[in-house]
Amino acid sequence: MKIFIYEEMSIMHFNFDHLAITVSDLEKSVGFYRDILGFRVLGKLVQDNGNFVIVYLDMGDKVLELFNFSEKGKYLATQNDKDMGIKHFAFKVKSVDQTFKYLREKGVEFTMEPTNAEGGVRIAFFKDPDNILIEIIEGELNLEKY
């Protein structure tokens, strides 16, 4: 019996679990995500004789993994939206404006101040200590049929 992909997908269930980011300065990044964004540190794993450390942070119902290597790699992120690859990740907030004010007071660098965006949402963008782009979004996105 041949099973089509949509039937196979009903058997499997994909649920987003975690996001991993390689950071240049583990303590600085842990401080940012813990002390500014409020994520609780779950613990760490130390691998490769201490040359590779992963710190796990609780983002609510998902986990953020911060990778740190003693031998540093190169920076891969791009600021050009037309380039291929991951652009940013986002957090839903109750108020973009209040969150913006709080983060700005903490010295967080914004690349886009709060603005009303297509789809009926309010958004803003800021950077983490390694210039990873993070969005905050308020409201429910109204989409066109695909």
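Preceding this paragraph is the structure being described.
Asks: I keep staring at the environment of L26 and nothing clicks. Help me out?
Replies: Residue position: L26 is located in helix α2 (residues 26-36). Taking the C-alpha atoms as reference points, L26 and V53, separated by 27 residues in sequence, lie 8.6 Å from one another. In contact with L26, not counting residues within four places along its chain, are V53, V55, L66 and N68.

Asks: So what exactly am I meant to see when it comes to the packing of aromatic side chains here?
Replies: The description of an aromatic ring pair rests on the distance of the ring centres and on the angle between the ring planes. Under the counting rule described, the total for this entry stands at 10 aromatic pairs. Seen in terms of ring centroids, F52 and F69 are 4.3 Å apart; in terms of plane orientation they differ by 0 degrees. Their pairing is stacked. With F52 in strand β3 (residues 52-58) and F69 in strand β4 (residues 63-69), the pair connects residues that are 17 residues apart, well separated along the chain. By relative accessible area, F52 is classed as buried at 12%. Given the relative accessible area of 30%, F69 is considered partly exposed. A connected cluster of aromatic rings, assembled from ring pairs, spans F32, Y33, F39, F89, F91, F100, F110 and F126.

Asks: What is the right way to read the pattern of salt bridges from this model?
Replies: Once their charged atoms are close, side chains differing in charge can pair, the charge on each being opposite to the other. Taken as a whole and assessed by the stated rule, the structure comprises seven salt bridges. Here R122 ties to D97 by a salt bridge, and the two come within 2.8 Å at their closest N and O atoms. You can see R122 sitting in strand β7 (residues 121-127) and its partner D97 sitting in helix α3 (residues 96-105), a full 25 residues away along the chain. For D97, a relative accessible area of 36% gives the class partly exposed. We note a salt bridge from E113 to R104, for which the minimum N-O separation is 3.5 Å. Overall, the relative accessible area of 46% leaves E113 in the partly exposed class.

About the cut-offs
- Residues numbered from 1 in each chain as written.
- Predicted model: local features only at pLDDT ≥ 70, side-chain atom pairs only at ≥ 80, totals over all residues.
- Heavy atoms only, no water.
- Helix = DSSP H or I, 4+ residues; strand = E, 2+ residues; numbered from the N terminus.
- Contact = heavy atoms within 4.5 Å.
- Phe/Tyr/Trp six-rings, centres within 6.5 Å; stacked < 30°, edge-to-face > 60°.
- Buried < 20%, exposed > 50% of the residue type's maximum accessible area, 1.4 Å probe, protein only.
- Salt bridge = Lys/Arg side-chain N within 4 Å of Asp/Glu carboxyl O.

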